[in-house]
Amino acid sequence: LWPDFAPAWEHLAWIAFGEGDSIIARGALDSLTRVGAGRDPYEMMIRALLHGCYEWRFDKPEAAARYTLTLLESPDVGRFTALPAAAPL
């Protein structure tokens, strides 16, 4: 009912990952992209994490690894102060 409410798309993506439904997951990520990204570092990291999860769940491991390495080399990710709390690769 509120198509620009980003957290709903985020949660739908998580559910689709768990269910193994790449079509719903892709649709949720596309809708999240249409909502637009804010400049809040936490929000940016959640979106990056969601896209990474999509890659690891539904793409080839080599492509997912490349995405992850590219993400970790991003200056925006490097400035995220909570990054050390993430799980190690």
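Now for a quick tour of the structure. (Residues numbered from 1 in each chain as written. Predicted model: local features only at pLDDT ≥ 70, side-chain atom pairs only at ≥ 80, totals over all residues. Heavy atoms only, no water.)

## Some points on the pattern of salt bridges
What counts here: The salt bridge criterion pairs a side-chain nitrogen of Lys or Arg with a carboxyl oxygen of Asp or Glu, the two atoms within 4 Å. Going along the chain from the N terminus, every DSSP run of H or I of four or more residues is numbered as a helix, and every run of E of two or more is numbered as a strand.
In this structure the tally under the stated criterion is two salt bridges. For R26, the salt bridge is made with D30, and the minimal N-O distance between the two is 3.1 Å. Taken as a pair, R26 and D30 lie in helix α2 (residues 22-35) at a separation of four residues, close to a single helical turn. We note a salt bridge from E43 to R47, for which the minimum N-O separation is 3.1 Å. With E43 and R47 both in helix α3 (residues 41-58) and four residues apart, this pair spans about one turn of that helix.

## Looking at the side chain of R47
As a reminder, the rule being used: In this scheme, a residue with accessible area under 20% of its type's maximum is buried, one over 50% is exposed, and one in between is partly exposed, where area comes from a 1.4 Å probe on protein chains only. Here, two residues are considered to be in contact whenever any of their heavy atoms come within 4.5 Å of each other.
Take R47: its relative accessible area is 11%, and that puts it in the buried class. Leave out the neighbours within four places in its chain, and R47 touches A6, L32, T33, V35, G36 and A37.

## Structural notes on the packing of α3 against helix α4 (residues 61-73)
To be explicit about the condition: Fitted lines through C-alpha atoms give the axes, limited to the stretch in contact for helices. The angle between two N-to-C directions lies from 0 to 180 degrees. Under this scheme an angle from 65 to 115 degrees is roughly perpendicular, one under 35 degrees roughly parallel, and one over 145 degrees roughly antiparallel; angles in between are oblique. In this scheme the handedness of a crossing depends on how the near helix is turned from the far one: anticlockwise by less than a right angle means left-handed, clockwise means right-handed.
Two elements in contact, α3 and α4, have axes separated by 8 Å at closest approach and are oriented at 160 degrees. Looking at the two axes, α3 sits roughly antiparallel to α4. For the pair α3 and α4, the sense of crossing is left-handed. The segment α3 lies against α4, with A48, H51, G52, E55 and W56 engaging P61, A63, A64, A65, Y67, T68 and L71.

## Considerations on the packing of aromatic side chains
To keep things clear, this is the line we draw: Geometry of aromatic contacts follows a simple scheme: Phe, Tyr and Trp rings, the Trp one being its six-membered ring, pair when their centres are within 6.5 Å, and the pair is stacked under 30 degrees between planes, edge-to-face over 60, tilted otherwise.
Under the counting rule described, the total for this entry stands at four aromatic pairs. Measuring from ring centre to ring centre gives 4.7 Å for W2 and F5, while their planes differ by 15 degrees; the resulting arrangement is stacked. Since its relative accessible area comes to 55%, W2 is described here as exposed. On the basis of relative accessibility, which here comes to 34%, the residue F5 falls in the partly exposed class. Each ring, one from Y54 and one from F58, has its centre 5.1 Å from the other, and the planes form 55 degrees; the classification is tilted.

## Side note on α3
This is how it is decided: Expected helix span is taken as 1.5 Å per residue step, with the number of steps being one fewer than the number of residues.
The terminal C-alpha atoms of α3, which comprises 18 residues, lie 26 Å apart, in line with the 26 Å expected from a rise of 1.5 Å per residue. Inspection of α3 places M45, I46, R47, A48, L50, G52, Y54 and E55 among the buried residues, and these make up the whole buried set.

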